[in-house]
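Residue-level structural notes
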Amino acid sequence: MISVAQTQYAARLERFALPRYGEIPRIELYMDQLLGYIEEMLGPLYAGNEKIITSSMVNNYVKQGILAAARSKKYTRDHIAYLIVICTLKQTFSIAEIEQLIASQIASFETTVAYDYYCDAFEDAVRALFGGKGSQPCGLTGSSGAGDFERDLVKASTAAVAYTLYIKASLLAMDLAEESNTSNP
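The following paragraphs examine the structure supplied in this document.

**What about unusual backbone geometry?**
Despite not being glycine, Ser72 shows a phi value in the positive range, around 50°. Relative to the helices and strands, Ser72 is located in the loop between α3 (55-63) and α4 (77-89). One non-glycine residue, Lys73, adopts positive backbone phi at about 65°. Structurally, Lys73 can be placed in the loop between α3 and α4.

**Observations regarding the packing of helix α1 (residues 8-15) against helix α6 (residues 111-130)**
Where α1 contacts α6, the two axes come as close as 8 Å, and the packing angle between them is 140°. By the angle between their directions, the pair α1 and α6 is classed as oblique. The chirality of how α1 crosses α6 is left-handed. For the pair formed by α1 and α6, the contact residues are Ala10, Leu13, Glu14 and Arg15 on the first element and Val126, Arg127 and Phe130 on the second. Taken together, the residues of the contact of α1 with α6 break down into 4 nonpolar, no polar and 3 charged.

**Focus on the environment of Ile80**
For Ile80, the location among the structural elements is in helix α4. Non-local contacts of Ile80, meaning those with residues more than four positions away in its chain, are made with Ile24, Pro25, Leu29, Leu34, Tyr37 and Ile38.

Here is what the cut-offs are and how they apply
- Residues numbered from 1 in each chain as written.
- Predicted model: local features only at pLDDT ≥ 70, side-chain atom pairs only at ≥ 80, totals over all residues.
- Heavy atoms only, no water.
- Helix = DSSP H or I, 4+ residues; strand = E, 2+ residues; numbered from the N terminus.
- Axes fitted to C-alpha atoms, helices over the stretch in contact; angles between N-to-C directions.
- Parallel < 35°, antiparallel > 145°, perpendicular 65-115°, else oblique.
- Left-handed = near helix turned anticlockwise from the far one by under 90°.
- Contact = heavy atoms within 4.5 Å.
- Nonpolar A, V, L, I, M, F, W, Y, C, P; charged D, E, K, R; others polar.

Laid out in C-alpha cells, this is it:
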C-alpha cells in the first residue's frame with residue numbers, strides 16, 4: 001500500500017498556504033477575475049475535476065446572505081476572504097453551518113483578524129496531518145476567556161477540513177496502490 005505522504009496531493013497540501021488578508025489584491029475584481037483568483041489560490045486543495053467555485057455559487061452565497069453583494073459588479077478583499085473561507089469549509093460543512101461559523105467569528109473579531117487567524121489555524125491543521133511528523137491538529141483551549149470559544153470553533157472546523165483532506169489523500173493512495181497492483185501482476 002502506498003502511504004498518503006507519497007501522493008502528489010499530500011505533497012501539494014504540505015506546501016499549501018492561504019493568502020493573508022494583506023496579500024489579497026487591493027483592487028476590486030470582476031466576477032471572472034474573482035473566480036480565477038479563488039481557483040488559483042485553492043487549486044491545491046481540490047483533486048482533479050472538483051469544481052472550486054462558479055459564478056452561480058457566488059450568486060447563491062449572496063442570495064443566502066452568507067456573502068455581501070458586489071458593488072458595481074466588483075468584489076473587494078472582504079468578498080475574497082469570505083469566499084476563501086467558504087470554499088475551504090464547504091468540503092466538510094453545509095452552507096448553513098459555514099454561515100454560523102463565519103458569523104461567530106465576525107461578531108467577535110474584525111474581518112482581517114478573523115481571516116488571518118483562520119488561515120493560520122487551517123495551515124497548522126493541514127501541516128499537522130501532511131507534514132510527515134504524524135501529529136494531530138492543534139487542540140482546543142477549552143477555556144472561557146474572551147474569544148476562546150470562537151477560536152476553538154476555528155481550530156475544530158479547520159481540523160475537520162484537514163481530516164477530510166486526509167481522507168481524500170488516503171483514497172487517492174488506495175487508488176494508486178490498486179492501479180499499481182493491476183499493472184504489475
